[in-house]
Amino acid sequence: MNKFLLITAKLLPEPILIKAVRYYVNMQIKKHAKLNIQGIENLNCDLKRPYLFVCNHLSNSDGLIINKVLEKENITFVAGKKLSANAMTNLGFTIIKSITISPNSADKDAISKIIHTVKSGTSVLVFPEGTRSRTAQMIAGKKGILLFAKLTKAPIVPIGIWGTEKFMPINENMGKESFHDANISINIGKAFVITERRSDETKVEWETNTLNFIMKKIAELIPEEYRGVYK
């Protein structure tokens with residue numbers, strides 16, 4: 001099926017390709033996924049929009065599912081450049097607005113785009129772990145989210161997701177990943193803003209404490225067996 005999709009994609013003009021990919025993804029979600037969504041009401045708050053969404057990361061399908069569930073939020077996703085370099089996963093970018101970023105580096109161009117996007121009024125979603133968990137348990141978050149939060153001053157909305165690791169299991173050859181039957185849960189938490197650094201707090205202490213606070217807000221939304229280092 002994946003080979004057929006790639007061959008077909010090369011033959012279609014972009015507008016038709018977008019419709020075809022959206023139809024295919026929606027069909028797979030409807031066929032294989034049983035969705036359970038909680039906390040939608042937390043988006044109807046008085047905090048100034050746009051939001052910085054943060055979510056744990058289990059599968060390449062996370063963005064597809066969240067984009068489908070929160071379609072009205074008009075989210076731009078931050079994704080690693082290796083996803084756009086893979087022909088199969090790159091198809092997903094035809095239906096998801098995204099900013100690609102080089103992981104583990106000061107990607108100034110990507111950072112600038114992220115800040116500009118939020119300040120222009122569009123919400124951005126970041127997976128703070130920076131990669132998919134290979135154990136389905138949370139791994140340590142990375143400090144990039146702190147920079148985005150400081151420079152945009154946008155309220156942060158935590159999202160917990162689980163079940164996508166079964167919906168699209170990880171394969172180190174991403175082109176071979178496929179959809180499977182799964183129960184998928186998405187739990188949306190309440191928006192919050194990070195605090196300024198206290199006078200008696202070093203920069204390192206503030207970064208550590210704030211990052212842990214953000215990650216634990218995500219962990220609170222998922223079952224304990226998925227919390228990993230944030231149990």
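This is a predicted model, so every value here is computed, not measured.

### Focus on the pairing of strand E2 (residues 52-55)
For a regular strand, side chains alternate in direction, first toward one face of the sheet and then toward the other.
Okay, so step 1: Neither face of E2 is left uncovered, since the one carrying Leu52 and Val54 and the one carrying Phe53 and Cys55 both have all their residues buried.
Okay, so step 2: By the bridge criterion, three bridges tie E2 to strand E5 (residues 124-126) in an arrangement that is parallel. Residue leucine 52 lies in a different strand from E5, and its bridge partner there is valine 124.
Okay, so step 3: Both E2 and strand E6 (residues 156-162) contribute to a ladder of four bridges, which runs parallel. When the bridges of E6 are listed, phenylalanine 53 appears paired with valine 157.

### Description of the sheet that holds strand E7 (residues 182-188)
Okay, so step 1: Overall, mixed pairing links the seven strands, which are arranged E1-E7-E6-E2-E5-E3-E4 in an open sheet. In the strand order of this sheet, the two ends are held by strand E1 (33-38) and strand E4 (98-101), each with one partner. In this sheet, adjacent strand axes meet at a mean angle of 25° when their direction is disregarded.
Okay, so step 2: Bridging between strand E3 (residues 76-80) and E5 involves two bridges; their strand directions are parallel. Along E5, the bridge assignment pairs phenylalanine 77 with leucine 125.
Okay, so step 3: Taken strand by strand, helix H6 (residues 108-119) contacts E2, E3, E4 and E5, and its axis lies near 155° from that of E4.

### So, a nonpolar patch on the surface
Okay, so step 1: A contiguous nonpolar patch, built from Leu35, Ile37 and Ile40 and spanning about 210 Å² of accessible area, is present on the exposed surface.
Okay, so step 2: Using a relative accessible area of 34% as the deciding quantity, one classes leucine 35 as partly exposed.

So, how was this worked out
Residues numbered from 1 in each chain as written. Predicted model: local features only at pLDDT ≥ 70, side-chain atom pairs only at ≥ 80, totals over all residues. Heavy atoms only, no water. Buried < 20%, exposed > 50% of the residue type's maximum accessible area, 1.4 Å probe, protein only. Helix = DSSP H or I, 4+ residues; strand = E, 2+ residues; numbered from the N terminus. Pairing = 2+ DSSP bridges. Axes fitted to C-alpha atoms, helices over the stretch in contact; angles between N-to-C directions. Contact = heavy atoms within 4.5 Å. Patch = residues over 30% accessible without salt bridge, like charges linked within 9 Å, V, L, I, M, F, W, Y side chains within 5 Å. Areas by Shrake-Rupley, 256 points an atom, 1.4 Å probe, with all protein chains shown as cover. Salt bridge = Lys/Arg side-chain N within 4 Å of Asp/Glu carboxyl O.

The values reported here are purely geometric and, on their own, carry no functional implication.
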